[in-house]
Amino acid sequence: MAMFEGLSEKLQATFKRLRGKGKLTEADVNEAMREVRVALLEADVNFKVVKDLISRIKERAVGQQVLESLTPGQQVVKIVHEEMINLMGGLESKIQIASKPPTVIMLVGLQGAGKTTHGAKLANLLKKQGKRPLLAACDIYRPAAIKQLEVLGEQIKVPVFSLGQISPVKIAADSLEHARKNGNDILIIDTAGRLHINEELMEELVSIREKVQPNEILLVVDAMTGQDAVNVAEAFHNQLGLDGVILSKLDGDTRGGAALSVKAVTGCPIKFSGVGEKIDALEVFHPDRMASRILGMGDVLTLIEKAQQNFDEKKARELEEKIRKQELTLEDFLDQIKQLRSMGPLSSVLEMMPGMGKQLKDVQIDENEFNRAEAIIYSMTPEERRKPLIIKDSRKKRIAKGSGTTIQDVGRLLKQYEQTKKLMKQLSGFPGVGGSGNKGGTKKGKKGKKSGPAKKSLFKLPFPF
Amino acid sequence: MAGIFNKLKEKLEKTRQGFVDKVESVFTGAHRIDEDLYEELEEVLIQSDIGVTTSFELVTLLRKSVKERKISDPLMLQEVLKEHINALLGEESPLYISPDSLSVYLVVGVNGVGKTTTIGKLAKNLQLQGKNVLLAAGDTFRAAAIEQLEIWGDRAGVEVIKQTEGADPAAVAYDALRAAKSRKVDILIVDTAGRLHNKVNLMKELSKIKKVIQREVPEAPHEVLLVLDATTGQNAIQQVKLFQEAADVTGIILTKLDGTAKGGVILGIQGEARVPVKLIGIGEGINDLKPFNPAEFANALFAESEEE
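Residues numbered from 1 in each chain as written. Chains lettered and ligands numbered in written order. Predicted model: local features only at pLDDT ≥ 70, side-chain atom pairs only at ≥ 80, totals over all residues. Heavy atoms only, no water.

### Structural notes on the sheet that holds strand β6 (residues 251-255) of chain B
All names here are of chain B. Here is the rule we go by: By the convention used here, strands pair only if DSSP detects at least 2 bridges between them. Secondary structure is summarised from DSSP: a helix means a run of H or I of at least four residues, a strand means a run of E of at least two, and numbering begins at the N terminus for each. Where helices are involved, their axes are fitted lines through C-alpha atoms of the stretch in contact, as for all axes, and angles between N-to-C directions lie from 0 to 180°. The criterion used for residue contact is that any of the two residues' heavy atoms lie within 4.5 Å.
The mixed open sheet is built from 8 strands, whose spatial order is β3-β2-β4-β1-β5-β6-β7-β8. Each edge of the open sheet is held by one strand with a lone partner, namely β3 (159-161) and β8 (289-291). Pairs of neighbouring strands in the sheet enclose a mean axial angle of 25°, with direction left out of account. In terms of strand pairing, strand β1 (residues 103-108) meets strand β4 (residues 187-190) through 4 bridges, oriented parallel. Within the sheet, the bridge partner assigned to Ser103 lies in β4 and is Ile187. Seen against the sheet, helix α8 (residues 169-182) touches β1, β2 (133-136), β3 and β4 and runs at an angle of roughly 165° to β2. The strands touched by helix α9 (residues 200-216) within the sheet are β1, β4 and β5 (223-229), with β1 carrying the most contacts at an inclination of about 175°.

### Remarks on the pattern of salt bridges
Here is the rule we go by: A pairing counts as a salt bridge when a side-chain nitrogen of Lys or Arg comes within 4 Å of a carboxyl oxygen of Asp or Glu.
Applying the stated criterion to the full structure yields 31 salt bridges over all chains. As a salt-bridge pair, Lys51 of chain A and Glu43 of chain B come within 3.6 Å of each other at their nearest N and O atoms. In this pair, Lys51 of chain A is assigned in helix α4 (residues 47-61) and Glu43 of chain B in helix α3 (residues 35-47), connecting two distinct chains.

### Some remarks on the confidence of the model for chain A
Residues and elements named next belong to chain A. Where we set the bar: The pLDDT score gives, residue by residue, the confidence of the prediction method on a 0 to 100 scale.
Of the residues in chain A, 71% have a pLDDT of 70 or more, and the chain-wide mean is 79. Below pLDDT 50 for its whole length, residues 354-363 participates in 16 contacts with residues either more than four positions away or in separate chains. Below a pLDDT of 50 lies the segment residues 429-465, which in the model reaches 82 contacts outside its immediate sequence neighbourhood of four places, other chains included.

### What to know about the nonpolar core
Let me state the cut-off plainly: Within this scheme, the nonpolar core is defined by two criteria: the residues are buried Ala, Val, Leu, Ile, Met, Phe, Trp, Tyr or Cys, and they are joined through side-chain atoms within 4.5 Å. Buried means the residue's accessible area, taken with a 1.4 Å probe over protein chains only, is under 20% of the maximum for its type, while exposed means over 50%, and partly exposed covers the values in between. By convention here, the domain bounds are inherited from an automatic or database domain assignment.
Counting residues in hydrophobic clusters, the biggest one holds 92 residues, and the most contacted among them are Leu135, Leu188, Ile189, Ile213, Leu254 and Ile269 of chain B. Take this core: its biggest share by element is 7 residues, from α8 of chain B. Taken domain by domain, this core gets at least three of its residues from each of domain 1 (2-89) and domain 2 (103-292) of chain B. Look past the residues within four positions of Leu135 of chain B in its chain and what remains in contact with it is Ile119, Ala123, Leu149, Gly153, Val158, Glu159, Val160, Ile161, Leu188 and Ile189 of chain B. Grouped together as the second largest cluster of nonpolar side chains are 73 residues, Cys138, Ala179, Val206 and Phe236 of chain A included.

This is the structure:
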């Protein structure tokens with residue numbers, strides 16, 4: 001993992017001596033490609049896919065002018081990133097809605113990939129878009145799978161069609177009939193998990209397909225899958241003809257190289273990704289963001305979007321001013337904690353930060369810490385919040401008592417506050433983050449105009465741990 | 001022993017075919033030991049999910065042995081590689097069973113790896129060995145997880161201690177421990193909800209469950225078993241590390257080895273995290289959970305054609 005975090009840094013080191021040298025030679029690029037190869041492999045991108053990708057990147061990189069604005073390392077990362085986006089299909093793709101309802105969506109995959117959960121998540125999403133989905137319980141093998149779908153259906157108020165443990169082909173056929181009669185414009189068929197080499201069970205899927213003629217056959221793939229992802233995807237695709245992929249468990253800390261592999265061998269777009277245990281934790285898949293994630297560049301765009309939604313621009317500008325003048329008080333600190341938390345669970349916010357992965361790799365993100373920090377600051381007088389330096393032992397004791405914490409906790413918070421001040425000074429000079437030095441190492445350069453101030457401030461958020 | 005070996009070999013056939021064929025073709029296709037050969041070998045290892053670091057290490061070890069033992073025949077390399085893989089896998093490590101008192105197993109892992117199914121199989125196996133087994137339905141989060149465990153309990157003829165969905169899993173564990181003690185059960189297996197290892201709160205919940213168990217029976221849990229899906233890539237190493245931090249994992253159960261996944265992840269884990277693999281899942285049947293025997297595993301991986 002560590003190898004990966006450092007890809008940009010490593011490439012930059014490799015290319016350092018090249019700065020202003022003119023063109024990238026084959027030897028230079030070869031050296032860089034070794035790093036890229038290791039990085040992609042560590043991210044679980046399939047070996048053969050890596051090979052192809054590397055040869056394409058090499059072709060583009062050799063002979064390129066070394067630009068003034070970018071370091072050669074950044075330039076190569078940019079090419080790698082672009083090629084990955086190309087491979088993953090550039091644009092987001094949606095569910096094809098049938099001209100004559102119902103639209104039939106069939107979910108297939110290995111055991112434990114998350115078909116049942118994602119069937120419900122998808123139904124929930126489509127319901128929110130005004131559709132009337134029906135879920136069909138065709139997993140007759142796993143104990144309590146039908147019950148699981150029924151419970152989930154109840155949670156999201158979507159009807160579930162089940163006939164117990166009879167032939168899944170019949171259940172699927174009857175569910176289609178049921179959907180037609182009851183005016184359900186979407187039918188989502190949950191099937192049992194199966195190994196792609198189990199001929200009998202694969203045959204069963206083919207029978208279901210023939211019976212109900214789905215508009216979409218979606219393969220649910222665990223984002224943590226390793227090199228085998230290509231075999232699985234290829235087998236399902238060859239036997240069923242897939243239309244798309246749902247990438248599950250993307251809220252883990254995997255790089256998710258399987259995404260690239262699956263797209264490469266099937267040519268099918270990844271349509272959705274599962275990003276949490278909650279029923280609404282399903283997102284439209286963004287290839288460009290995934291490319292950044294695999295490369296360890298952080299999901300800058302998602303972060304910017306979240307920040308735009310939640311960030312109070314005026315406050316952000318005020319804060320920036322204060323940071324510049326180094327006048328950050330504990331009141332600002334409290335504001336920051338609140339704003340940061342309004343963007344969602346901290347862990348997911350941090351994950352999206354480019355370059356943060358490495359720094360925060362071993363840091364446990366404990367949301368309770370924030371509750372405690374808030375309580376401590378609330379127990380201070382306004383004067384103490386503005387001039388934390390006056391807080392000595394007896395004040396600490398009082399604050400600890402008032403906030404239900406210990407003197408050590410108060411001390412720690414004050415220390416964190418000091419560190420944050422320092423960290424922010426560093427962050428304001430962080431290359432490629434909010435500053436104007438980097439003109440395109442990441443995607444944000446392109447979208448920069450639209451979201452200037454919010455984004456700029458965003459990266460100066462304090463991290464109180 | 002031979003029976004298990006054959007079954008394992010049969011089940012690992014797919015793994016073997018993929019992996020060994022490739023390794024063998026690397027060796028047999030080459031006329032001499034050179035850089036290309038090493039590079040090709042490295043590629044095969046990486047493709048088996050062994051991981052870049054461990055693959056590099058293995059090849060480095062191989063190079064060293066070649067130099068020290070003055071090996072020049074590419075075919076000899078296979079034996080040497082097997083040796084190194086064997087060494088990496090370490091000794092066999094069976095599940096701990098207390099001879100005279102209650103043994104508690106806590107089963108943990110990310111979502112969808114097969115915890116509940118594995119517990120079902122394990123309960124049956126232990127019961128067949130004449131043990132008195134009790135299960136605790138600690139996955140109170142996933143819809144119908146309790147029912148799923150109950151069905152497995154029925155199949156194995158083992159009782160399940162449960163509360164309702166959404167209940168505190170630590171409380172379920174507590175109830176189960178009380179029941180296990182009063183009923184003089186030999187082995188209590190505690191199921192837990194699948195959780196991604198990077199979710200701090202969920203990992204803390206796990207630590208809490210463990211603490212509650214410990215408070216009731218100081219030396220328990222005797223085993224904290226991490227269930228890993230063999231199709232998982234390099235993230236498995238991260239899983240092992242973080243579950244180890246939260247709950248002191250004592251062993252790994254590697255499931256879904258009956259697919260085409262190469263199982264190389266075991267080597268990657270041993271190379272980086274050093275937690276013994278105790279059991280492997282090689283099929284859907286209730287009997288398809290087997291003790292992991294490192295030597296057997298390596299042998300089955302590298303079984304030569306004359307053994308067939």
